[in-house]
Amino acid sequence: AEDGIEVIEGQGIVLCCFQTRTGIKFALTAEPGTQHMRRVLREIYVSYADCALKDPFYELDMPIRSELFSQALNDLMVKYSSAR
């Protein structure tokens, strides 16, 4: 979506937000100067779609309790931590 917060920078922190066309919002905080935040948020969304939305027991607005999703997030953080 084109409306809403995209990036807020404060003293010692950056908040980057991504809102899908369906209204789901993802937020990521990091240190100033962190690269690829938008890309990370998009990859988190892909993992969310693959792990949560395809789970027949998951309902929107429910907390995500998926080992597969947690592992996907851990893998993303490792991937982008080593890309510095």
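Please read all numbers here as calculations on a predicted model, not as lab measurements.

Undergrad: So what's going on with the pattern of salt bridges? Which residues, and what values?
TA: For the structure shown, the criterion picks out 2 salt bridges. One salt bridge in this structure joins E43 and K79, with 3.3 Å as the shortest N-O distance. A residue pair is termed long-range when its members are at least 10 positions apart, and E43 in helix α1 (residues 37-51) and K79 in helix α2 (residues 67-82) qualify at 36 residues. Judged by its relative accessible area of 23%, E43 falls in the partly exposed class.

Undergrad: Can you explain the packing of α1 against α2? Please cite residues and give values.
TA: Interaxial distance between α1 and α2 falls to 9 Å at its minimum, and their mutual angle equals 160 degrees. Relative to α2, α1 is oriented roughly antiparallel. Note on packing geometry: the crossing formed by α1 with α2 is right-handed. Across the interface between the two elements, R39, V40, E43, I44, S47, Y48 and C51 of α1 pack against L68, F69, A72, L73, L76, M77, K79 and Y80 of α2. The class makeup of the residues in the contact of α1 with α2 is 11 nonpolar, 1 polar and 3 charged.

Undergrad: Lay out unusual backbone geometry with the relevant residues and their values.
TA: The phi torsion at H36 lies on the positive side, around 65 degrees, for a residue other than glycine. Along the chain, H36 falls in the loop between β3 (25-30) and α1.

About the thresholds
Residues numbered from 1 in each chain as written. Predicted model: local features only at pLDDT ≥ 70, side-chain atom pairs only at ≥ 80, totals over all residues. Heavy atoms only, no water. Salt bridge = Lys/Arg side-chain N within 4 Å of Asp/Glu carboxyl O. Helix = DSSP H or I, 4+ residues; strand = E, 2+ residues; numbered from the N terminus. Buried < 20%, exposed > 50% of the residue type's maximum accessible area, 1.4 Å probe, protein only. Axes fitted to C-alpha atoms, helices over the stretch in contact; angles between N-to-C directions. Parallel < 35°, antiparallel > 145°, perpendicular 65-115°, else oblique. Left-handed = near helix turned anticlockwise from the far one by under 90°. Contact = heavy atoms within 4.5 Å. Nonpolar A, V, L, I, M, F, W, Y, C, P; charged D, E, K, R; others polar.

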